[in-house]
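Next come the chains, spelled out residue by residue.
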Amino acid sequence: MSNRKWVTQPDVYVCPLTKEAQELAMFELRENDQTRDSALESMRDWIKQNPRIKNCRLDARFLLRFLRFKKFSVEQAKEALERYILLRQCFGVAFNCLDITIPMMEELTNLGYMFACPKRDSQGRRVIVARPGVFDLNKFTNGDMCRIHGIVYETLMEDEENQVRGFVHFADGSGVGFAYLTLFTIREAVRIVKNGEKTLPMRHKEVHGFNIHPSMKFALDWGMTLISDKIKSRVRLYSNINEVLDAGHVEKHILPKEYGGTMPMSEMIELWKEELRQSHPILMSHDEMAVNEELFSRREKEGAVSALRRQGVSCGAEKDSLCGITGNFRKLEVD
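Residues numbered from 1 in each chain as written. Predicted model: local features only at pLDDT ≥ 70, side-chain atom pairs only at ≥ 80, totals over all residues. Heavy atoms only, no water.

K.L.:
Can you help me understand the packing of aromatic side chains in this one?
P.N.:
Across all of its chains, the model carries nine aromatic pairs by this definition. Measuring from ring centre to ring centre gives 5.7 Å for Tyr113 and Phe135, while their planes differ by 50°; the resulting arrangement is tilted. One end of the pair, Tyr113, is in the loop between helix H6 (103–111) and strand S2 (114–116); the other, Phe135, is in the loop between strand S3 (126–130) and helix H7 (142–157), with 22 residues separating them in the sequence. Here Tyr113 and Phe135 have matching classes, each one buried. Aromatic side chains Phe170 and Phe210 sit 5.0 Å apart centroid to centroid with 50° between the ring planes, which places their arrangement in the tilted category. Taken as a pair, Phe170 in strand S4 (residues 167–172) and Phe210 in strand S5 (residues 204–210) lie far apart in primary sequence, 40 residues in all. When sorted by exposure, Phe170 lands in the same class as Phe210, which is buried. Counting every residue linked through ring pairs, the aromatic cluster contains Phe62, Phe66 and Tyr84. Positioned above the aromatic ring of Phe296, the side-chain terminus of Arg52 is 4.1 Å from the ring centre. (Phe/Tyr/Trp six-rings, centres within 6.5 Å; stacked < 30°, edge-to-face > 60°. Helix = DSSP H or I, 4+ residues; strand = E, 2+ residues; numbered from the N terminus. Buried < 20%, exposed > 50% of the residue type's maximum accessible area, 1.4 Å probe, protein only. Lys NZ or Arg CZ within 6 Å of the ring centre and 35° of its normal.)

K.L.:
For this particular structure, what's the right way to read helix H4 (residues 74–90)?
P.N.:
Since the α-helix advances by 3.6 residues per turn, residues separated by three or four positions end up pointing in the same direction. A rise of 1.5 Å per residue sets the reference length of H4, with its 17 residues, at 24 Å; its end C-alpha atoms lie 24 Å apart and thus fit the reference within 8%. Counting buried residues along H4, 12 of its 17 residues qualify, which places the element largely inside the surrounding structure. All buried positions along H4 are accounted for by Ala77, Lys78, Ala80, Leu81, Glu82, Arg83, Tyr84, Ile85, Leu86, Leu87, Arg88 and Cys90. (Expected span 1.5 Å × (residues − 1).)

Read these as layout, nothing more, since geometry by itself doesn't imply function.
Structure below.
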């Protein structure tokens, strides 16, 4: 087992977090030097001995995503990691070939479909701006939508400060109408939302949405029933940007100039593209991670919502012409 080649090797961890972030990690996540070192050793030993996992990253920055996500409950972090790799493998279009150089990904980025504001808010959190209205239904596919989300989220999760402090979501619903509901079936949407909350190791601290078209409100109300009460309590909806700014929950100076801030959106996007370029090699290396699918149950591999109570979730599978990976949502079948 010692001769196996892993995506990344175990490293000697040197904590890059600010003193404030370390204190926050201790208070909210029960993280200190002792618990961290012990948990990392336990995670690595388990991965090396786990017949379900064929290949994985063993560096601390990656493993800490899951430990922090589960507040250093090592057993829960192990389950989350295993589930995450299975999801990558079976639901390939959203997790594999996260290549920002793909023309559709470049175009969506340039349009400002989704990007992170360069400055952190007063609590040290990155604000993720989402503008789904720029998503041209005649040009892009649901696979493109999933992949760009994967690129954004995976890039942000590489930063340990983000792992501890979490994220603020800022979504402008302008231009999104009834036709967007055709991107996914109801069953697909259920799996995507459920799997996303329970499998992606992200700490969602606040969600702010505005400019929501009346035709979408029933869909939004239904979507709210799919998320946990914890996340639901962090969602705030507004009629327009003025209401958002007047409420004072989102710090105005963090936002693009077009939403009341100071830096033009185009400049923010250029800075964000540089972050994407820097994360590109490590995101592409993730395609080497793999599990032994034959050791997972059918329900785990198919991504039945009930399987989320155990280990594996996924949303499976036809060939993606871009990178030779899975990506047809029509294969989603609910048990």
